[in-house]
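Architecture and fold: a report
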Amino acid sequence: MDRDRIEELCEELVRERSMEALERLTGSKADRVLAALIESAGEIVEAEVPQDEDDTILEEIQAHLVKCAELGPLVDALEGAKPAVKEFVLGCLGEIGDPAAAEPMIRCLEDPDKDVREAAAEHLSLLTDNDFGVDPIAWRNWLEAQDALSKQREQEEREESKQRAKAKAKVLDVKIDEDEDEEGGSRSRDSDDDDDDDDRSRRRRDDDDDEPSDDDD
């Protein structure tokens, strides 16, 4: 879907509350379409005269954004957007449930608008199962602790991977030694069998030499 077509559909959606336009737009997962949907949602939220279809349209847009789970367009929309748009976006980020959204949501705790700060705190609580209210310092301390814990887990996983690799290499070395021992034993047995065959062959020749010939008679 090209840019002109996206703009045309968004205009129909906002001006006419066109459900057909909404269906066309929510049929795409492209970032520029998602960004356009967020902008359209903002215009509908801020409309001076609400219409009956508004709640349904906003719910459909939010459901599509959550289903797509693309953080980029949502996070970008938090920068410089009007308060009502930020609240809408924060609701989407909270429902997506991606921990990567925590940092941009924490930044909203310092927004000049009280409603945005409260929305950020509410959806951060839903996202993380923690509740530090609208205190950005407490939330940042929590985020730093989570980052440190994540790095510790990664380090532990690397160490466990190294240990597993060493153990596997040790098992392979033992197996190679066993295979070599078995091969050496097999060669030794083959050599012994060959010696036995040689001995039997020599005995048969000696026996043949000891038998009296007709010429001796």
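The present account deals with the structure reproduced in this document. Bear in mind that the values here come from a model prediction, so they are computed numbers and not experimental data.

Rules and cut-offs
Residues numbered from 1 in each chain as written. Predicted model: local features only at pLDDT ≥ 70, side-chain atom pairs only at ≥ 80, totals over all residues. Heavy atoms only, no water. Salt bridge = Lys/Arg side-chain N within 4 Å of Asp/Glu carboxyl O. Helix = DSSP H or I, 4+ residues; strand = E, 2+ residues; numbered from the N terminus. Buried < 20%, exposed > 50% of the residue type's maximum accessible area, 1.4 Å probe, protein only. Axes fitted to C-alpha atoms, helices over the stretch in contact; angles between N-to-C directions. Parallel < 35°, antiparallel > 145°, perpendicular 65-115°, else oblique. Left-handed = near helix turned anticlockwise from the far one by under 90°. Contact = heavy atoms within 4.5 Å. Nonpolar A, V, L, I, M, F, W, Y, C, P; charged D, E, K, R; others polar. 1 Å grid on protein atoms, 1.4 Å probe; cavity = no way out; pocket = protein on both sides within 12 Å on 5 of 7 lines; lining within 4 Å. Points joined across faces, edges and corners; volume = space filled by probe spheres on them.

1. Topic: the pattern of salt bridges
- Across all of its chains, the model carries 10 salt bridges by this definition.
- Arg5 is paired through a salt bridge with Glu8; the nearest N and O atoms lie 2.8 Å apart. With a gap of three residues between them, Arg5 and Glu8 both fall in helix H1 (residues 3-16), about one helical turn apart.
- Judged by relative accessible area, which is 40%, Glu8 ranks as partly exposed.
- A salt bridge links Glu46 to Lys82; the nearest nitrogen and oxygen atoms lie 3.7 Å apart. With Glu46 in the loop between helix H3 (31-45) and helix H4 (54-68) and Lys82 in the loop between helix H5 (71-77) and helix H6 (83-96), this pair connects stretches of sequence that are 36 residues apart.

2. Thoughts on the packing of H3 against H4
- Taken N-terminus to C-terminus, the directions of H3 and H4 make an angle of 150 degrees; their axes are 10 Å apart at the nearest point. Classified by the angle between their axes, H3 and H4 sit roughly antiparallel to one another. Every pair of crossing elements has a handedness; the one defined by H3 and H4 is left-handed. On H4, the residues that touch Leu34, Leu37, Ile38, Ala41, Ile44 and Val45 of H3 are Asp54, Ile57, Leu58, Ile61, His64, Leu65 and Cys68.
- When grouped by side-chain class, the residues that make up the contact of H3 with H4 number 11 nonpolar, one polar and one charged.

3. With respect to the layout of surface pockets
- Its volume calculated, the largest pocket comes out at about 180 Å³.
- Considering the residues around the largest pocket, the lining is formed by Arg3, Ile6, Glu7, Cys10, Glu11, Val14, Arg32, Ala36, Glu39, Ser40 and Glu43.
- In terms of residue count, H1 provides more of the lining of the largest pocket than any other element does, six residues in total.
- Among the residues forming the lining of the largest pocket, the class breakdown is four nonpolar, one polar and six charged.
- Computed from the structure, the second largest pocket encloses a volume of approximately 160 Å³.
- What lines the second largest pocket is simply Ala35, Ile38, Glu39, Gly42, Glu43, Glu46, Pro73, Ala77, Ala81 and Val85.

4. Side note on the packing of H3 against H6
- Relative to each other, H3 and H6 sit at 125 degrees, their axes nearing to 9 Å. Classed by the angle they form, the pair H3 and H6 counts as oblique. Where H3 crosses over H6, the two elements pack in a sense that is right-handed. Each of Ile38, Ala41, Gly42 and Val45 in H3 lies in contact with H6, whose residues at this interface are Ala84, Val85, Phe88 and Val89.
- Residue composition of the contact of H3 with H6, grouped by class: seven nonpolar, one polar and no charged.

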